[in-house]
Amino acid sequence: MIEDRITQITIEGFKNLYNHDINPGIIQIGKTNPEFRGDFTVVVFPLLRFSKKSPQITAEELGNYLLSNLTELESFEVIKGFLNLLIKDKYWIDFFMTGVNDIEFGIQKIKDTTPVIVEYSSPNTNKPLHLGHIRNNLLGYSIAEILKANGKNAIKINLINDRGIHICKSMLAWMKWGGGETPVSADMKGDHLVGKYYVLFDQKLKEEITGLVEKGYSKEDASNQAPLMKEAQELLQKWENDDNEVRKIWHLMNGWALEGFDRTYKRLGVDFNKFDYESDLYLLGKKLINEGLNKGVFFKKDDGSVWVDLTGDGLDEKLLLRGDGTSVYITQDIGTAETRYNDHKPAKMIYIVGNEQIYHFDVLKKILKKLGRVWYEIIFHLSYGMVELPQGRMKSREGTVVDADDMMDEMFLTAKKTTEELGKIENFTSGELEELYAIIGLGALKYYILKVDPKKNMLFNPEESIDFNGNTGPFILYTYARIRSIFRKAGQEPEDFLKILDLNKISLLESEKEIIKIIYQYPQVVKNAGESLSPALIANYCYELSKSFNHYYQDTPIFKRVDGDTANFRLILSWFTGRIIKHSAGLLGIQVPERM
RNA sequence: GGUCCCGUAGCUCAGUUGGAUAGAGCAACAGCCUUCUAAGCUGUGGGUCGCGCGUUCGAGUCGCGCCGGGAUCACCA
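Residues numbered from 1 in each chain as written. Chains lettered and ligands numbered in written order. Predicted model: local features only at pLDDT ≥ 70, side-chain atom pairs only at ≥ 80, totals over all residues. Heavy atoms only, no water.

S.K.: Tell me what's going on with the protein's contact with RNA strand B, and back it up with residues and numbers.
M.R.: Among the 69 residues in the neighbourhood of RNA strand B, the closest are listed as Asp303, Asp316, Tyr478, Lys489 and Thr556. A share of 62% is what sugar and phosphate atoms reach among the atoms of RNA strand B within 4 Å of the protein. For RNA strand B, a sugar or linking oxygen lies 3.1 Å from a polar atom in the side chain of Asn124. Interatomic distance of 2.6 Å between a backbone N/O atom of Asp453 and a phosphate oxygen of RNA strand B. Among the elements of the structure, β1 (28-31), β2 (40-43), β4 (82-87), α6 (165-177), α15 (404-421), β15 (458-459), α17 (473-490) and α20 (535-555) are those that each provide at least two residues to the surface near RNA strand B. Among the residues making up the surface near RNA strand B, the classes are represented as 27 nonpolar, 22 polar and 20 charged. (Near = heavy atom within 4 Å. Polar contact = N/O pair within 3.5 Å; in protein donor to acceptor, adjacent residues only side chain to side chain. Helix = DSSP H or I, 4+ residues; strand = E, 2+ residues; numbered from the N terminus. Nonpolar A, V, L, I, M, F, W, Y, C, P; charged D, E, K, R; others polar.)

S.K.: Just give me the short version of the layout of surface pockets, but keep the residues and values in it.
M.R.: As a volume, the second largest pocket reaches approximately 610 Å³. Of all the secondary structure elements, the ones that give two or more residues to the lining of the second largest pocket are β1 and α19 (510-532). For the lining of the second largest pocket, the class distribution of residues is nine nonpolar, seven polar and nine charged. Split by domain, the lining of the second largest pocket shows at least three residues from each of two domains, domain 1 (2-87) and domain 3 (404-587). (1 Å grid on protein atoms, 1.4 Å probe; cavity = no way out; pocket = protein on both sides within 12 Å on 5 of 7 lines; lining within 4 Å. Points joined across faces, edges and corners; volume = space filled by probe spheres on them. Domains from an automatic or database assignment.)

S.K.: How would you summarise the domain arrangement of chain A if you had to cite specific residues and measurements?
M.R.: Structurally, chain A comprises domain 1 (2-87), domain 2 (273-402) and domain 3 (404-587). The distance between the C-alpha centroids of domain 1 and domain 2 comes to 52 Å.

S.K.: A description of the sheet that holds strand β11 (residues 348-354) should follow, citing residues and the corresponding values.
M.R.: Sheets are built from strands paired through backbone hydrogen bonds, the pairs being either parallel or antiparallel. If you walk across this open sheet you meet the five strands as β7-β6-β5-β11-β12, and the pairing is parallel. Taken across any chain shown, the strands that pair with only one partner, and hence form the sheet edges, are β7 (274-277) and β12 (379-384). Strand-to-strand twist in this sheet, taken as the mean axis angle between neighbours without regard to direction, amounts to 25°. Judged from the six bridges that link them, β11 and β12 form a sheet pairing that is parallel. The residue of β12 that forms the bridge with Met349 is Ile379. Contacts from helix α5 (residues 131-149) reach β5 (112-119), β6 (152-160), β11 and β12 within the one sheet, and its direction differs from that of β6 by about 155°. (Pairing = 2+ DSSP bridges. Axes fitted to C-alpha atoms, helices over the stretch in contact; angles between N-to-C directions. Contact = heavy atoms within 4.5 Å.)

S.K.: Let's hear about the side chain of Ser305: which residues, and what values?
M.R.: Note on placement: Ser305 falls in the loop between β8 (298-300) and β9 (306-309). Apart from residues lying up to four places away in sequence, Ser305 is in contact with Phe299, Lys300, Leu319, Leu321, Arg322 and Gly323.

S.K.: Help me get a handle on empty space enclosed by the protein, residues and values and all.
M.R.: A full pass over the atoms with the stated rule returns one cavity of 30 Å³ or more. The volume enclosed by the largest cavity comes to roughly 30 Å³. Considering the residues around the largest cavity, the lining is formed by Lys274, Asp276, Leu281, Thr336, Thr339, Arg340, Asp343 and His344. Of all the secondary structure elements, the ones that give two or more residues to the lining of the largest cavity are β7 and α13 (329-344). Counting residues per element, the lining of the largest cavity draws most heavily on α13, which supplies five residues. Split by residue class, the lining of the largest cavity holds one nonpolar, three polar and four charged.

S.K.: Account for the pattern of salt bridges, naming residues and giving values.
M.R.: Under the counting rule described, the total for this entry stands at 39 salt bridges. Glu119 is the salt-bridge partner of Arg340, the closest N and O atoms lying 2.6 Å from each other. Within this pair, whereas Arg340 is found in helix α13, its partner Glu119 is found in strand β5, the two being separated by 221 residues in sequence. Note on accessibility: Arg340 and Glu119 belong to one class, buried. Arg484 is the salt-bridge partner of Glu493, the closest N and O atoms lying 3.7 Å from each other. Relative accessible area serves as the criterion here: at 40%, Glu493 is assigned to the partly exposed category. Judged by relative accessible area, which is 16%, Arg484 ranks as buried. Salt bridges linked by common partners bring Glu119, Lys274, Asp276 and Arg340 together as one network. (Salt bridge = Lys/Arg side-chain N within 4 Å of Asp/Glu carboxyl O. Buried < 20%, exposed > 50% of the residue type's maximum accessible area, 1.4 Å probe, protein only.)

S.K.: Explain the packing of aromatic side chains to me, and be specific about the residues and the numbers.
M.R.: Taken as a whole and assessed by the stated rule, the structure comprises 28 aromatic pairs. Geometrically, the ring pair formed by Phe40 and Tyr520 is edge-to-face, given 6.5 Å between the ring centres and 65° between the ring planes. With Phe40 in strand β2 and Tyr520 in helix α19, this pair connects stretches of sequence that are 480 residues apart. Residues Phe40 and Tyr520 agree in their burial class; the two are buried. Centre to centre, the rings of Phe549 and Tyr553 are 6.1 Å apart; their planes meet at 35°, and the pair counts as tilted. In this pair, Phe549 and Tyr553 are both assigned in helix α20, four residues apart and thus about one turn of the helix distant. For Phe549, a relative accessible area of 0% gives the class buried. Every member of this aromatic cluster is reached through a ring pair, and the members are Phe40, Tyr91, Trp92, Phe95, Phe96, Phe105, Tyr520, Phe569 and Phe576. The ring centre of Trp239 lies 3.8 Å from the NZ or CZ of Arg247, which sits over that ring. (Phe/Tyr/Trp six-rings, centres within 6.5 Å; stacked < 30°, edge-to-face > 60°. Lys NZ or Arg CZ within 6 Å of the ring centre and 35° of its normal.)

Structure representation (structure tokens):
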């Protein structure tokens, strides 16, 4: 990195010019603002206390020192307290040549085999996935890919929340009113069928509660004593007691839900290294609760329920086990964390879970700490923001959710409609078109979601379809397709041009240097994205690069009407750009088309 | 009420560890296909970075206090 050289020689310069040893930390090197001439800018203000001279003079003196000691430096210019450095084209051309020959450009070559666990998706098996889950899945998948590009051993785990009172509700409704309906008989995806009964349960329960309230019960009593609620709770106890009949139905309905999820995952293009099932792990949590009781860090109330007192940590008392002995959510999370730690000894356990559960993870870590699990510190909750609709957040039970499968259908149709309107379907087979629509539709959706900073809430308006122009996924795909098209027209593959590439006579256009400089940043962007676990950085970068290329392409002939060496260079520059677009899109889980 | 997150153009979002006159896209308007894909490119208009005080040579960025919005504090997950 040339920045490191600038830093190093600046330190040297301060020693020679002013006889001061300065700390590399205070040397600020940034990109030069586009309105000025230069590639990098050294901000001299923080250095004045060492030079004891005015900003102008200090910058001049440092500039001259750099000019005679940094061979890559072409010239410099001082404006106010800013020392703008212009780097020689040769440096950029050399970088270009090295990068283009590095087939793994941008990714970390030093591999770290210590596992980093990324838990994401983690659906409940009582209802289908919605747009919020899509955000979760895309973030999880992308973050794992970004970590891999940073040389980490990312392990993707999906924890299936397949037990609990919510599952029992769907089961109960199906047992009572299902009439033996199956996904086949109903011609419905399994997860949607199970979800249908979850909603039905809720409706019937509400009716019961209303009835009870009319009879004079308080709202709270009515909710607690509604027969359906009691039945669901009994079902949960039977389940925990391994009741054969209950387990059979549970197995059946979970199977439907999981089969449905599987199809959604495949279509969305996400995958996992491992599936954990809450039903397998929740008992471990109970064991740890006992350990805590024995150690005296938890306590039991008269009704038999188990609690932990976190008031000393600024939180509240938290329930760990119900009075009837059944587990709650956090019970199994304690067991799961312990198992994962023991099984993998990971450097980090990243949980991709919505920001509504910040408190939950706070509690989890504090509990593990109380149990003496010092590794609680490796738990990192990536709390992403909600996807909101114009009328507020999505609510499954109120039917204000955007279903994941519907969403993908819609994106596919929009892609189809747009492509047809633009008249770009000639020379495609119908199979190729299907594939193209899927790539474009999903690309638009994924980019739309991932370009937003994960921790921020985001708005989705179903009335306005996701855009295909401007700062969008299709824009990026289009740029890639354009580049591929160039090679079809040029008649040879990039490697053929690379073989005969001669850069000796090339002088860079501003727009070419601009693209090379953006490519130059790529490894650092990948690194930043890995450190901050933010696919948004990759998305914004990919857009920036695409935009820059489109600008270039608009008024620069790539291989027509230019001499051979220039054409070779421009072709290879286009190829390199395309490679970075494809790679960065890949980190987002976005595929690119050969044509569109 | 306690804790946490957010507030940047009409809308959706960027804005590196504090640096130069705060950027994109959409929407609006005006242009550009006889040359490699116009899902593109160029231009115009649009801002009290919620408000105030402070730290600093310098604050959208850091600190404190307000205002507004959201999340959470369940024998829900």
